[in-house]
Each structure stands twice: as C-alpha cells, then as structure tokens.
Amino acid sequence: MTKVLVATDKPFAAGAAKQIRMTVEEAGFECLFLEKYTSAQQLIDAVADVDAIIIRSDLITKEVMDAAPKLKIVVRAGAGYDNVDLQAAAAHNVVVMNTPGQNSNAVAELALGMMVYQARNQFDGTSGTELLGKKLGIHAYGNVGKHVARIAKGFGMEVCAFDPFVSKETIEADGVAVVDQVDDLYSTCDYISLHIPANASTKKSIGYEILSKTKKGATLVNTARKEVIDEEGLLKWFETSDSFKYISDIAPDNQALLKEKFGKRCFFTPKKMGAQTAEANNNAGIAAARQIIGFIKRGDTTFKVN
Ligand code: 3PG
C-alpha cells in the first residue's frame, strides 16, 4: 500500500491533520504522522518505507532521501522549498512540489498584525502611531505580497511594490504603485515588508548597504526567511541609525544581542508562526495530500518545483 508520511516538526492544527488523514485514506493510501520530532534521526528512521512525504519547514536532506528508497514525491505544504535539497531529489528521482498560495493570507495578516503591534509601541500603553497614510513598500509581489497590499490598503496605507519578476500591469491592476529600483523602495517607505524567497541570489542580500538607504524611523518587516538578512549588516545599521526598527517572524541568530542593545526597536515572534492558522493548515495540508494523490494516481506534476 502507498504510504504517505506527514513529517511536521511544527504540527498542523489537529483539525487539519485529521483532514489530511481522511484525504489520504479515501484515496486508498496509508497515512502516517511524525510530529514534534526532536532529531533528524527520527525523520530518517520514519522514511524507510514511505512513498510520499508532506512537510512544512522540515529539512529534507540528502541523508533523508538516502534513507527512503521508495520515496517518489515530497510536497512542501507551503510556499518556500529552500528546506529541500533539490539536487539530492534529482539524484533520487524524487519529485518536489509546493502548494503556492495556500497559506499566504495567514502570513500577510501576521505581517500587518506585527506592523500594528510595532506602531503601538508593542502594546506598552504609551502613545504610538497609526498605519493610515503611511507608505508601505512590498519587496516581492507574489502570493503573500498581493495579500499584504490588499490588507494594507484597508488600513489606508499608500502601497508600492518592487518585483522584477512580476509585470508592471499585474502590480498596477491591484492599485499598487510599481517601484523600478529596489533602493527607491527602501529609501521612500515607512514600512518595508519582505517577501523574497531564500535562494543563492537572495541569501544575505538585505544588509548594511540597502538598509542604510531607509528613511528615518522606517520599519523592516520580515515574514519571509531569516537567511535573506545579512545579520552583521543589520547589526551595523542598527548601531548607526537611531530610529530603524526590525520586526520578524523568523528571529535572527543574533536576536539576544539585538534585543539587549536595541530593546523595542526590534521584535521577534517566539516561533515562526506566519502560516500557523487553522485555515492555512487546512488549505496547505489538504492541497499537499491531493497533489500527492494526483501525482501517484495520474502522474499530475502541477506545482512541481524541480
Ligand atoms: C512558507 O514558506 O509556506 C511559510 O514560510 C510557512 O512555513 P511553515 O509551514 O513552516 O510555517
């Protein structure tokens, strides 16, 4: 029988896990769960005879694939697949997919929620500021960026976006102004919301040089990946500027130092929680299960990323 493993260090909501199991079992497959595991070895041990794996930010390394001789497909229930070794997948003839768009509203709501939290001085009771009339720059206009724009407009923010991979028409159709140079996004906006993926060309791309372009009092919001930040450059810019703020759903490795030195000018969620909603878990988890069924039963490779 085809075996599908749901391997989630950060588990789906119970309801979503139940829906995933039902979807997989209705297709006549077996559904196994490995949740809240604490070592890579547990994952390696769990994949020995599985045909398919559903993951979130879980690391699918060469070692995991080496330990899974029957593995045919890995579906990342979410957008970013930087946690899957695509080279090893190719070597093992394993198809890798993501589920684009399924959790993006949740991430976008968190981005705006964090902006409100920061604008109100992290709810410390003192007078803060409002988002109304402030300028928001969206760095990368994909599924999350689009939702961020929609919600930000509801707050009455002035919204612009930089994304060389998305046509001007697509961005403008949403009533969002197009910024042609990334530096202009950083130099003119009160809030900059990051939505770039982590890959070879974006890792550490947000460092001192670009941050030093930000205007006084600007807030950088990161619900994307910590790897896109050059943490040394971030620290240097914090030390140079007296008003820059950084709020992130993916805490940097030097978070303790930043908190100690700059206090409320930074905020980090205790655990990455952008996609942690019942709705996003349901949408992404069920989509992942359906994509596995479609691939195994019909060879459907929609959303294949490798
Ligand atoms: C994604 O890439 O889909 C988001 O970063 C969510 O990641 P998560 O499933 O680990 O919460």
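A quick note: this is a predicted structure, and the numbers were derived from the prediction, not measured.

Peer 1: Would you take a moment to explain the sheet that holds strand β7 (residues 158-162) for this structure?
Peer 2: Hydrogen bonds between backbone groups are what pair the strands of a sheet, and the pairing can be parallel or antiparallel. If you trace the 7 strands from one edge of the open sheet to the other, you get β8-β7-β6-β9-β10-β11-β12, paired in parallel fashion. Both edges of this open sheet fall to β8 (177-178) and β12 (266-268), since each of them pairs with a single strand only. Of the strand pairs in this sheet, strand β6 (residues 135-139) and strand β9 (residues 191-194) are connected by 4 bridges, and their pairing is parallel. Residue pairing across strands places I138 opposite S193, the latter belonging to β9.

Peer 1: Would you mind showing me how to read the pairing of β6 here?
Peer 2: On any regular strand, side chains alternate: one points to one face of the sheet, the next to the other face. Among the 5 residues in β6, 5 count as buried, and that is most of the element. Burial along β6 is two-sided: the residues K135, G137 and H139 and L136 and I138 are all buried. Where β6 meets β7, 5 bridges bridge the pair, whose relative direction is parallel. Paired with H139 across the strands is F162, a residue of β7. On the question of chirality, the crossover connecting β6 to the parallel β7 by way of helix α6 (residues 143-154) is right-handed.

Peer 1: Teacher, can you tell me more about the site of the ligand here?
Peer 2: Within the structure, the ligand sits among K10, R56, S57, R76, G78, A79, G80, N103, R225, K272 and A275. Within the contact set of the ligand, an oxygen atom lies 2.4 Å away from a side-chain nitrogen or oxygen of S57. In this structure, an oxygen atom belonging to the ligand sits 2.6 Å away from a main-chain N or O atom of A79. Calculation on the ligand without its partners gives an accessible area of 320 Å², and the protein chains cover 95% of this total. The class makeup of the residues in the shell around the ligand is 2 nonpolar, 4 polar and 5 charged.

Peer 1: Whenever I open this one, the packing of aromatic side chains confuses me. Can you help?
Peer 2: Given two aromatic rings, one states the distance between the centres and the angle between the planes to describe the pair. In total, this model carries 7 aromatic pairs according to the counting rule given. A centroid spacing of 4.8 Å and a plane angle of 20° characterise the contact between F238 and F262, whose relative ring orientation is stacked. Of this pair, F238 sits in helix α10 (residues 231-240) while F262 sits in helix α11 (residues 255-262), and the two are 24 residues apart along the sequence. Relative accessible area serves as the criterion here: at 1%, F238 is assigned to the buried category. Here the aromatic cluster, defined as three or more aromatic residues joined through ring pairs, consists of Y208, W237, F238, F244 and F262. Of note, K236 hangs over the ring of Y208, and the distance from its end group to the ring centre comes to 4.2 Å.

Peer 1: Got a minute to help me understand the pairing of β9 in this structure?
Peer 2: Alternating residues of β9 divide into Y191 and S193 and I192 and L194, and every residue in both groups is buried. The sheet contact formed by β9 and strand β10 (residues 219-222) spans 4 bridges and is parallel. If you follow S193 over to β10, its bridge partner there is V221.

Peer 1: What is the right way to look at the environment of H139 in this model?
Peer 2: Relative to the helices and strands, H139 is located in strand β6. Put simply, H139 and H195 are 56 residues apart on the chain and 5.7 Å apart in space, counted from C-alpha to C-alpha. At 2.8 Å, the side chain of H139 forms a polar contact with the side chain of Y186.

Peer 1: I'm lost on the nonpolar core in this one. Help?
Peer 2: Buried together is how nonpolar side chains tend to be arranged in soluble globular proteins. I206 and L220 are the most contacted members of the largest nonpolar core, which totals 28 residues. At the level of elements, β7, α8 (182-188), β9, α9 (208-211), α10, α11 and β12 are the ones that each hand at least two residues to this core. Ranked by residue count, the leading element in this core is α10, at 4 residues. Those residues in contact with I206, other than ones at most four positions away along the chain, are H139, Y186, L194, I196, L211, L220, V228, I229 and D230. If you look at the next biggest cluster of nonpolar residues, it comprises 27 residues, including M115, I138, I151 and V176.

Peer 1: Please explain the sheet that holds strand β4 (residues 73-76) as it appears in this structure.
Peer 2: Reading across from one edge, β2-β1-β3-β4-β5 is the order of the 5 strands in this open sheet, with parallel pairing throughout. Taken across any chain shown, the strands that pair with only one partner, and hence form the sheet edges, are β2 (30-35) and β5 (95-98). The sheet shows a mean angle of 20° between the axes of neighbouring strands, direction not considered. Along the sheet face, helix α1 (residues 14-26) touches β1 (3-8), β2 and β3 (52-55) and points at about 150° away from the line of β2.

Peer 1: What is the right way to look at the domain arrangement of the chain in this model?
Peer 2: Taken as a whole, the chain is organised into domain 1 (3-102 + 277-298) and domain 2 (104-268). In this structure, domain 1 and domain 2 have C-alpha centres spaced 30 Å apart. Contact with domain 1, which involves 8 residues of that partner, is made by 5 residues of domain 2. At the boundary of domain 1 with domain 2, total buried surface from both sides reaches about 480 Å², with 42% on carbon and sulfur atoms. It is D82, G101 and T277 that lose the most area in domain 1 upon contact with domain 2, and together they represent 67% of the buried surface on that side. Applying the counting rule to domain 1 against domain 2 returns 1 salt bridge. Close ionic contact of R225 with D82 constitutes a salt bridge, the shortest N to O distance being 3.1 Å.

The rules behind the values
Residues numbered from 1 in each chain as written. Predicted model: local features only at pLDDT ≥ 70, side-chain atom pairs only at ≥ 80, totals over all residues. Heavy atoms only, no water. Pairing = 2+ DSSP bridges. Helix = DSSP H or I, 4+ residues; strand = E, 2+ residues; numbered from the N terminus. Buried < 20%, exposed > 50% of the residue type's maximum accessible area, 1.4 Å probe, protein only. Right-handed = clockwise from strand over helix to strand, strands pointing away. Near = heavy atom within 4 Å. Polar contact = N/O pair within 3.5 Å; in protein donor to acceptor, adjacent residues only side chain to side chain. Areas by Shrake-Rupley, 256 points an atom, 1.4 Å probe, with all protein chains shown as cover. Nonpolar A, V, L, I, M, F, W, Y, C, P; charged D, E, K, R; others polar. Phe/Tyr/Trp six-rings, centres within 6.5 Å; stacked < 30°, edge-to-face > 60°. Lys NZ or Arg CZ within 6 Å of the ring centre and 35° of its normal. Core = buried A, V, L, I, M, F, W, Y, C linked by side-chain atoms within 4.5 Å. Contact = heavy atoms within 4.5 Å. Axes fitted to C-alpha atoms, helices over the stretch in contact; angles between N-to-C directions. Domains from an automatic or database assignment. Buried area = accessible area lost by both parts, 1.4 Å probe. Salt bridge = Lys/Arg side-chain N within 4 Å of Asp/Glu carboxyl O.

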